[in-house]
Amino acid sequence: MATSRITGTTKLLGVLGYPIAHTLSPTMHNQAIAHLGLDYVYLPFPVRPQDLAIALQGLGVIGIQGLSLTIPHKQAILPHLATVDPVAQAVGAVNTVWPTPEGWAGTNTDVAGFLAPLLSMDRDWTQTTAVILGNGGAARAVVAACAQLGCQQIQVVGRNAAKLAAFHQSWLASPLPVRLTVQTWDQLPALLPQAQLLVNTTPIGMDPQTTASPVPASSLAKLAPGAIAYDLIYTPRPTRFLREAQHQGAIALDGLEMLVQQGAAALEIWLGRSAPLDVMRQAAQGGLAIREPA
Ligand code: NAP
């Protein structure tokens with residue numbers, strides 16, 4: 001929104017993170033708001049971990065209409081919420097909140113964001129084995145999404161045995177139908193021939209380490225024809241992992257559509273109306289283009 005359009009009635013939305021300067025969310029949301037002709041503005045708020053509670057209190061008092069949460073607040077926000085929907089409960093993280101008479105309500109739109117490009121494909125997901133690289137926060141949203149798809153099997157690959165065991169344990173009591181096993185990286189070559197969906201949730205290959213890939217090209221040759229390689233990273237586009245997977249015949253998906261779709265899902269919650277996906281997609285692409293070195 002141009003600052004000249006901010007008036008005495010303009011409503012506030014925003015994103016809490018630390019650091020926050022890299023975020024594309026204000027660009028996406030403000031262009032969507034301008035397109036819809038609404039009297040809102042979406043701002044970035046750098047909030048240190050120890051200041052989350054006071055920031056929520058202050059923003060609540062001044063009548064903020066909705067917030068996005070990014071690193072490091074996605075788990076830390078949970079104790080501050082009056083209600084958390086089942087998807088966010090299963091993931092154990094919240095990226096979208098809004099005020100209600102009872103207090104803050106929260107959900108996790110990363111799950112819907114991740115799913116959106118997959119749901120546009122004609123696949124029998126019940127016959128799908130998903131292999132997920134990494135066991136951090138984003139991997140939790142991807143596991144919940146794969147469970148929602150009805151994947152036959154979910155294999156999570158990690159480097160730390162204790163973290164993998166804790167990850168496995170955390171899904172045992174999940175209300176979602178999660179058929180999950182955990183594996184160490186040395187098992188990956190044996191998993192690839194069955195992987196119809198291979199998802200990178202590690203930061204390996206992200207700018208500035210753009211020559212790195214989580215899977216050697218020789219292993220990607222083991223993927224079945226028509227397998228989907230999905231990288232949550234969106235800088236660069238494509239990553240080395242996606243370039244090499246595509247070269248082996250895989251269908252490549254990068255993380256930009258997930259970013260756009262999770263933002264659109266959040267905006268729809270806050271505004272109670274459809275979000276202009278094309279506008280948000282173009283805004284995100286434009287925001288990335290500005291960042292890229294000439
Ligand atoms: P995170 O919680 O820190 O998790 C990262 C995971 O990657 C951890 O399991 C970590 O292993 C593993 N890892 C990191 N470096 C590794 C290495 N060199 N070798 C093997 N494993 C490694 O981060 P996150 O929030 O899940 O985010 C992960 C990625 O997803 C980031 O690139 C982020 O930008 C992207 N993301 C994209 C979207 C989107 O909308 N497109 C949304 C969310 C996240 P340990 O646990 O053993 O340390």
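Residues numbered from 1 in each chain as written. Predicted model: local features only at pLDDT ≥ 70, side-chain atom pairs only at ≥ 80, totals over all residues. Heavy atoms only, no water.

Read from one edge of the open sheet, 6 strands run β2-β1-β3-β5-β6-β4, paired in mixed fashion. Since the sheet does not close on itself, it has two edges, and those belong to β2 (40–46) and β4 (83–84), each with one partner. Bridge count for strand β1 (residues 11–17) against β2 is 7 bridges, and the pairing is parallel. Opposite Lys 11, over in β2, you have Tyr 40 as the bridge partner. The sheet contacts of helix α2 (residues 52–61) involve β1, β2, β3 (66–69) and β6 (103–107), and relative to β1 the element is tilted by about 175 degrees. Where helix α10 (residues 256–271) meets the sheet, its contacts fall on β1, β2, β3, β5 (96–100) and β6, and the angle it forms with β5 comes to roughly 5 degrees. (Pairing = 2+ DSSP bridges. Helix = DSSP H or I, 4+ residues; strand = E, 2+ residues; numbered from the N terminus. Contact = heavy atoms within 4.5 Å. Axes fitted to C-alpha atoms, helices over the stretch in contact; angles between N-to-C directions.)

This part is about the environment of Ser 68. Inspection of the secondary structure assignment puts Ser 68 in strand β3. A relative accessible area of 8% places Ser 68 in the buried class. With 54 residues separating them along the chain, Ser 68 and Gly 14 place their C-alpha atoms 6.2 Å apart. Each residue touching Ser 68, except ones within four places of it in the same chain, is listed here: Gly 14, Val 15, Leu 16, His 29, Tyr 42, Asn 95 and Trp 270. (Buried < 20%, exposed > 50% of the residue type's maximum accessible area, 1.4 Å probe, protein only.)

So far we have only geometry, and geometry alone does not tell us how the molecule works.
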